[in-house]
Structures are given as structure tokens and as C-alpha cells.
Amino acid sequence: MTRFRLPTPLLAIAALSVSFAGPSLAQDSGPGASRLARLVWQDYESKTLHWGELVRNGEAFKLRTGGTVSAFPKLDAKRQELVQMDRVGPVALVGVRDDAGGAFESGWTCVDRGVERSSSGWRYGDAPRTIAKSLSDSQGNPAHLYVYDDVFYLANDALNGFTRIDPKLLATSPDDYRGTFHRGGGGHITFAAVDGRIAYGTWILGEGPRKGRVDVTDLSKPFDRSLAYSFFLPVGGLHGATTNSGKVFFAPSDGIYWIDADEDLRLTGDQVRPRHLSLGADPETKRPLRTGAFANHENWTLFTTGRGENSSLCLIKASASEPVVVKVSIPTAKGLSLVTPDTVLTEEGERYAFVFQDRLEGEAKETLTVVDLDPDGDRDFSDARVAKTVDVGASEVSGHYGHHAVAFDEQGRYAFIANPGDGQIWLMSLVDLTIVAKQDVGGVPTKVIAVGGNEAAGQ
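How each quantity is defined
Residues numbered from 1 in each chain as written. Predicted model: local features only at pLDDT ≥ 70, side-chain atom pairs only at ≥ 80, totals over all residues. Heavy atoms only, no water. Helix = DSSP H or I, 4+ residues; strand = E, 2+ residues; numbered from the N terminus. Rg over C-alpha atoms; globule rule 2.2 N^0.38 Å. Buried < 20%, exposed > 50% of the residue type's maximum accessible area, 1.4 Å probe, protein only. Contact = heavy atoms within 4.5 Å. Salt bridge = Lys/Arg side-chain N within 4 Å of Asp/Glu carboxyl O. Phe/Tyr/Trp six-rings, centres within 6.5 Å; stacked < 30°, edge-to-face > 60°. Lys NZ or Arg CZ within 6 Å of the ring centre and 35° of its normal. pLDDT = per-residue confidence, 0-100. 1 Å grid on protein atoms, 1.4 Å probe; cavity = no way out; pocket = protein on both sides within 12 Å on 5 of 7 lines; lining within 4 Å. Points joined across faces, edges and corners; volume = space filled by probe spheres on them. Nonpolar A, V, L, I, M, F, W, Y, C, P; charged D, E, K, R; others polar. Polar contact = N/O pair within 3.5 Å; in protein donor to acceptor, adjacent residues only side chain to side chain. Pairing = 2+ DSSP bridges. Axes fitted to C-alpha atoms, helices over the stretch in contact; angles between N-to-C directions. Core = buried A, V, L, I, M, F, W, Y, C linked by side-chain atoms within 4.5 Å. Lys, Arg positive; Asp, Glu negative; His and termini not counted.

1. Comments concerning the overall build of the protein chain
Part 1: A tally of helices and strands in the protein chain yields one helix and 35 strands.
Part 2: What you see for the protein chain is a C-alpha radius of gyration of 22 Å, in line with the 23 Å of a compact globule of 459 residues.
Part 3: Considered along the principal axes of its C-alpha atoms, the protein chain spans approximately 65 × 50 × 45 Å.
Part 4: For the protein chain, the proportion of its 459 residues judged to be buried stands at 55%.
Part 5: Sequence-distant contacts, at least 24 apart, represent 53% of the contacts inside the protein chain between residues at least 6 apart.

What follows is the structure in C-alpha cells.
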């Protein structure tokens with residue numbers, strides 16, 4: 001495999017100088033300054049979105065902050081939370097949840113980050129701005145947000161369903177378009193959408209008549225008419241779902257279950273045959289190991305499981321006729337726990353999984369483990385191995401919130417690491433996996449997303 005190496009000066013970035021400015025961040029960086037990426041991150045403290053840009057002038061790098069995203073709604077910092085956030089192209093969507101089961105104000109907000117790709121690079125337009133929102137006392141208190149086939153899917157937990165939000169339709173009529181609601185899933189919903197045709201929504205209950213229930217939704221039909229049928233897994237406690245290579249994977253309280261996607265809706269509930277993949281058992285409690293969320297990279301599905309010395313990153317080749325679980329051991333110190341991995345294809349062609357070890361209790365140092373998914377470049381991840389483990393700043397974990405987060409520029413050259421407990425965003429080079437800069441951004445930065453790469457010539 002041919003590897004492209006960045007010029008030597010980029011491997012020796014010693015510091016990241018920062019200044020604070022308004023919306024035009026590159027113009028005061030001196031002649032020849034160019035932008036490398038635009039960031040948007042959540043502040044868990046103020047419950048708002050901030051943004052900034054990584055700018056280079058010669059060999060000098062600056063992370064320039066632009067303040068709060070324009071027109072972002074003012075939330076009640078005590079009663080509302082920003083939940084999951086994701087992007088499709090230049091558009092980002094973030095869910096909003098309240099403390100009253102959706103009766104106070106919940107929903108979603110959509111942001112245009114103002115960056116487009118051209119033949120000569122990325123073009124950086126106006127500052128990120130809010131282009132649409134749907135916040136009220138009838139949005140069902142979202143928690144989980146997914147992107148499948150470049151479309152957003154937002155769970156409406158209290159409504160036992162989800163909203164399908166197409167960024168293309170949103171861009172053409174931001175004042176009117178609010179997506180399409182479909183019935184499926186219940187409680188704390190997770191789901192998988194397959195080819196824009198069907199979706200699988202889970203029920204989280206561990207006991208009772210709805211234990212292990214999965215709803216199958218026909219996405220061509222809205223509202224109550226969209227629910228095609230339901231089936232049941234042998235165990236409940238469902239807290240994760242995804243799809244890859246024509247299969248759907250579920251994360252209940254015991255291992256993983258998978259099925260072949262019923263894209264043409266030819267089955268009935270009693271005809272579905274879930275298959276089980278064991279993750280083993282905890283050596284102390286003897287309880288079955290489980291996971292809570294998935295990530296996908298090409299035709300592989302990834303997740304974490306276990307605790308302490310028995311913690312692992314797990315990989316499943318979804319395209320295999322009989323999938324098996326491959327484990328990469330990542331022992332964790334007492335009080336730490338692995339979080340869901342994030343993946344990246346670097347400019348050099350390396351495929352990495354980033355796995356944070358976040359603190360749940362105690363004083364153990366929190367770390368980031370980078371796993372090389374494809375050491376020999378043959379696209380078979382069964383030989384994945386730990387490439388490097390580095391210390392990171394502090395998290396500020398509180399339930400589902402306050403974990404470390406990472407984002408990557410679109411050229412695969414940099415990783416941006418949010419350290420909530422330190423109020424910092426760090427810059428990592430994806431060439432040698434070293435932390436090359438640390439910057440205070442204030443507040444409690446949590447989820448972060450990045451867009452763009454080298455600024456187009458002549459912009």
C-alpha cells in the first residue's frame with residue numbers, strides 16, 4: 001500500500017496559539033493564512049453550541065474561536081440538555097431533551113456550518129448559523145440521534161416513535177420542513193434504518209410483556225400506518241442497534257443479536273429468527289457481557305464490552321455469512337470504562353478506532369487507546385491491534401453526559417479531542433498519533449464535530 005506522508009514541518013507542531021475573534025477568523029491571521037477545519041462543539045455548562053476554526057499560516061497553527069453559533073436557541077441550563085449531535089455534509093443536527101419527559105421543551109435544532117467542498121479544496125463561508133428548529137412540549141424528549149444513508153433519524157422517546165429528517169428537504173424549506181414522524185420503538189429508543197426503506201426500533205424494557213420487543217417500520221408510510229410488525233428477542237434491556245451489509249444488530253442485556261434485514265417486508269413477527277453472538281461473562285459477577293452502542297467502519301461493526309482487565313474493543317465482519325466476534329483486549333484501570341469507539345480513515349490510508357477510557361469513579365488517569373484496524377492493509381480487521389495509548393484530560397461524566405469526544409477533519413490529518421473536565425480541546429496529528437496542541441475553550445466542551453480541510457485556493 002502506498003503511504004502519503006505529510007511534510008516534515010507538520011510533524012513538529014510545538015504549540016497552538018489562540019486568539020479570540022468574531023465570525024471572520026482567518027482574515028486577521030496574516031497574509032497567506034489558510035483554514036484547515038471548522039469545529040462546532042457542545043458546552044455542557046451553558047447548554048449551547050460554540051464554534052471555531054483551525055488556521056495555519058506557514059508553520060504556525062491557531063485555533064480561533066468564533067463564539068456561540070448564530071441564532072442558537074436559549075435553553076434552560078438547569079432543565080434542558082443537548083443530547084446526541086451528528087452531521088450530514090455541512091449540516092449538523094443536535095437533539096434537545098428536558099427534565100419533564102418532554103412536557104417542558106424538547107426537540108431538535110439544525111445548524112448550517114457554512115463549509116462546502118470544491119474541486120480546489122474547501123470553501124469557508126459565513127459563520128455557522130441555526131437554520132431550523134423544532135422545540136416544543138410535544139416532541140417526545142429525544143435522546144438518540146442516528147445518521148443512515150445521509151438522513152437524520154431522531155428518537156422521540158415519549159411518543160414511541162422517531163422523526164426522519166432529510167437534510168436536502170430541510171435546506172430547501174427550512175422554515176416549514178420538520179421531518180416525518182414514524183411509529184416504532186418505545187421508552188429509551190435505539191434504532192437502525194436500512195436503505196431508507198425500513199427501520200428497526202427497540203424497546204428498552206428488561207421485564208414484562210414488551211421485554212425484547214423490536215418494531216419494524218415501513219418508512220414509506222407516516223405515523224401509525226408505518227408500523228409493519230413487531231418481533232421479540234429472547235432477552236430485553238435493549239440499548240443499541242445498527243445496520244451494516246444487509247444485517248441488523250441489537251444490543252440487549254446478553255451479548256449481541258443479529259438478523260437479516262427484511263427490506264421488502266415479506267416476513268411476519270413470528271417468522272423472524274434472531275441469531276445470538278455471545279460476548280462471554282464477567283468473571284466476578286458471572287453475568288453475560290453486553291454493550292450499549294455500535295459504530296460502523298466499512299463492512300465492520302464495532303463496539304466495546306467488559307470491565308477492568310477484561311475490557312475489549314469488539315469487531316464483527318457484518319458482510320460475513322456467519323459473523324463472529326473478534327476481540328482486541330484493552331485492559332482498563334479500576335474506576336475507568338471504555339466508551340463507544342469512533343473511527344477514521346487517515347490521509348495516509350490508515351484505519352483507526354479511537355476508544356476513550358473514561359472515569360466513572362476514583363482517581364485513575366483517563367486515557368485514549370488508538371487501535372489500528374488494518375495493520376497489513378488487506379481490509380480484514382481480524383488482526384486489529386492497539387497502536388498507541390495516550391493520556392488525555394479529564395472527563396466530567398454524569399449519566400450519559402460529559403464523556404470525552406473526538407472529531408476528525410475531512411482529509412484525515414487531525415483529530416480534535418474534547419476534554420470536558422478541563423475545558424480544553426486538544427489537537428492530535430494522525431500521522432504519528434501525538435498530541436501537538438492543547439487549548440482552553442472554556443465551559444465544559446463535550447460532543448464535537450468537524451467539517452472541511454485545506455481551504456480552496458484564492459478564497
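2. Overview of the pattern of salt bridges
Close approach of charged atoms allows side chains with opposite charge to pair.
Part 1: By the definition in use, this model includes 19 salt bridges.
Part 2: Linked by salt bridges that have partners in common, Arg35, Arg38, Glu53 and Glu455 make up one network.

3. Concerning the packing of aromatic side chains
Part 1: Using the criterion set out here, one finds 14 aromatic pairs in the structure.
Part 2: Ring centres of tyrosine 146 and tyrosine 148 lie 5.7 Å apart, and the angle between their planes is 10 degrees; this geometry places the pair in the stacked category. For the pair tyrosine 146 and tyrosine 148, one class covers both residues: buried.
Part 3: Aromatic pair tyrosine 153 and phenylalanine 162: ring centres 6.2 Å apart, planes at 50 degrees, arrangement tilted. Neither residue differs from the other here; tyrosine 153 and phenylalanine 162 are each classed as buried.
Part 4: Each member of the aromatic cluster is reached from another via a ring pair, and the members are Tyr146, Tyr148, Tyr153, Phe162 and Phe191.
Part 5: Taking the ring centre of tryptophan 426 as reference, the NZ or CZ of lysine 438 above it sits at 4.3 Å.

4. Description of the confidence of the model for the protein chain
Part 1: Per-residue pLDDT for the protein chain averages 91, and the proportion of residues at 70 or more is 93%.
Part 2: In the model, residues 1–28 has pLDDT below 50 throughout and makes 58 contacts with residues more than four positions away in sequence or in other chains.

5. Some points on the layout of surface pockets
Part 1: For the second largest pocket, the calculated volume is near 200 Å³.
Part 2: Surrounding the second largest pocket, 15 residues form its lining, Pro90, Val91, Asp112, Glu116 and Ala171 being those nearest its centre.
Part 3: Elements represented by at least two residues in the lining of the second largest pocket include exactly β7 (115–118) and α1 (167–172).
Part 4: In terms of residue count, α1 provides more of the lining of the second largest pocket than any other element does, three residues in total.
Part 5: Residue composition of the lining of the second largest pocket, grouped by class: seven nonpolar, two polar and six charged.

6. Re the environment of serine 136
Part 1: Relative to the helices and strands, serine 136 is located in strand β9 (residues 129–136).
Part 2: Taking the C-alpha atoms as reference points, serine 136 and arginine 197, 61 residues apart in sequence, are found 28 Å from one another.
Part 3: Each residue touching serine 136, except ones within four places of it in the same chain, is listed here: Gly102, Phe104, Glu105 and Ser106.
Part 4: Within the structure, the side chain of serine 136 is placed 3.1 Å from the side chain of serine 138, a separation counted as a polar contact.
Part 5: A distance of 3.4 Å separates a polar atom in the side chain of serine 136 from a polar atom in the side chain of glutamine 139.

7. A few points about the sheet that holds strand β3 (residues 60–68)
Part 1: Here four strands make up an open sheet; going across it, the order is β3-β2-β1-β35 and the pairing antiparallel. Only two strands of the sheet have a single neighbouring strand rather than two, namely β3 and β35 (445–451). Averaged over all pairs of adjacent strands, the angle between strand axes in this sheet comes to 25 degrees, irrespective of strand direction.
Part 2: Pairing geometry for strand β2 (residues 48–57) and β3, over eight bridges, is antiparallel. Within the sheet, the bridge partner assigned to glutamate 53 lies in β3 and is arginine 64.

8. A look at the nonpolar core
Part 1: Of all hydrophobic cores here, the largest spans 28 residues; its most connected members are Tyr153, Tyr200, Phe231, Val248 and Phe250.
Part 2: Elements represented by at least two residues in this core include exactly β10 (145–148), β11 (151–156), β14 (191–194), β15 (198–202), β16 (213–218), β17 (227–232), β19 (247–250) and β20 (256–260).
Part 3: The biggest single contributor to this core is β14, with four residues.
Part 4: One finds Leu39, Leu63, Leu427 and Val436 within the second-largest nonpolar core, a separate group that totals 19 residues.

9. Observations concerning the environment of phenylalanine 250
Part 1: With respect to the element layout, phenylalanine 250 can be found in strand β19.
Part 2: For the pair formed by phenylalanine 250 and proline 274, sequence separation is 24 residues and the distance between their alpha carbons is 9.6 Å.

10. Looking at the pairing of strand β6 (residues 106–112)
Part 1: Most of β6 sits inside the fold, with six of its seven residues counted as buried.
Part 2: As paired strands, strand β5 (residues 91–98) and β6 are joined by six bridges and run antiparallel to one another. Each residue of the ladder has a partner; that of alanine 92, found in β6, is valine 111.
Part 3: In this structure, β6 lies alongside β9, joined through seven bridges in antiparallel fashion. Note on β9: the bridge partner recorded for aspartate 112 is arginine 129.

11. Focus on the sheet that holds β10
Part 1: Taken in spatial order, the four strands of this open sheet run β10-β11-β12-β13, and their pairing is antiparallel. The sheet is open, and its two edges are formed by β10 and β13 (180–183), each paired on a single side. Strand-to-strand, the axes of this sheet are offset by a mean angle of 30 degrees, without reference to chain direction.

12. Looking at unusual backbone geometry
Part 1: Positive phi, normally seen in glycine, also occurs at leucine 265, with a value near 50 degrees.
Part 2: Examined against the element boundaries, leucine 265 turns out to sit in the loop between β20 and β21 (275–277).
Part 3: For glutamate 298, which is not a glycine, the phi torsion comes out positive at approximately 55 degrees.

13. Considering the side chain of aspartate 358
Part 1: Tracing the backbone through its elements, the reader meets aspartate 358 in strand β28 (residues 351–359).
Part 2: As a buried residue without a salt bridge, aspartate 358 has its nearest oppositely charged side chain in arginine 359, at a separation of 8.8 Å.
Part 3: Looking at aspartate 358, its side chain comes within polar contact range of the side chain of histidine 403, at 2.8 Å.
Part 4: Side chain to side chain, aspartate 358 and histidine 404 meet in a polar contact 2.6 Å long.

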